[in-house]
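Residue-level listing of the chains:
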Amino acid sequence: MESILFCARQGVEVGARWRWLQDSVLGQFLVSERLAVTNLTLLKVLLWLVLLGLFVELEFGLVFFVLSLFYWLYEGMRDSSQRLSGEPSAYSVFNPGCQAIQGTLTAGQFELGYRPLANR
């Protein structure tokens, strides 16, 4: 009975010792959903590095790298079905009334400094 109480008391002490980490900003970031590095992601990166090394040995490393870039570009594109309802498109012609999103530079915002030679 004493050993069970000792283990339970020790567990509480260990929990109290690490509670500061859970309450800190770093601890909250590590347990949040924003941390995208998972075991699966790590395995994918390691597999890609191994394959890159293999293709470098076969003297096709640049080809593998360029094809990987095209694959990442393809996978990184979002479907229009994944867009939230009411979320505007980055291309203003697809938005109602051709409304641009915040932060978009338009041709009217550029000052080119062009002056005809006759007016100088």
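Residues numbered from 1 in each chain as written. Predicted model: local features only at pLDDT ≥ 70, side-chain atom pairs only at ≥ 80, totals over all residues. Heavy atoms only, no water.

A.B. asks: Please set out the environment of L54 residue by residue, giving values where relevant.
C.D. replies: You can see L54 is positioned in helix α3 (residues 39–57). A residue is classified by how much of its surface remains accessible, and L54, at 46% relative accessible area, is partly exposed. Considering only alpha carbons, one finds L54 and F64, ten residues apart in sequence, at a separation of 9.8 Å. (Helix = DSSP H or I, 4+ residues; strand = E, 2+ residues; numbered from the N terminus. Buried < 20%, exposed > 50% of the residue type's maximum accessible area, 1.4 Å probe, protein only.)

A.B. asks: Describe in detail the environment of L62, supporting the description with residues and values.
C.D. replies: Residue placement: L62 occurs in helix α4 (residues 61–76). The exposure class of L62 is exposed, given its relative accessible area of 65%. Expressed as a C-alpha distance, the spacing of L62 and L52, which sit ten residues apart in the sequence, is 8.9 Å.

A.B. asks: Account for unusual backbone geometry, naming residues and giving values.
C.D. replies: At E59, a position not held by glycine, the phi torsion is positive, near 65°. By secondary structure assignment, the location of E59 is in the loop between α3 and α4. Note on E59: relative accessible area 73%, which makes it exposed.

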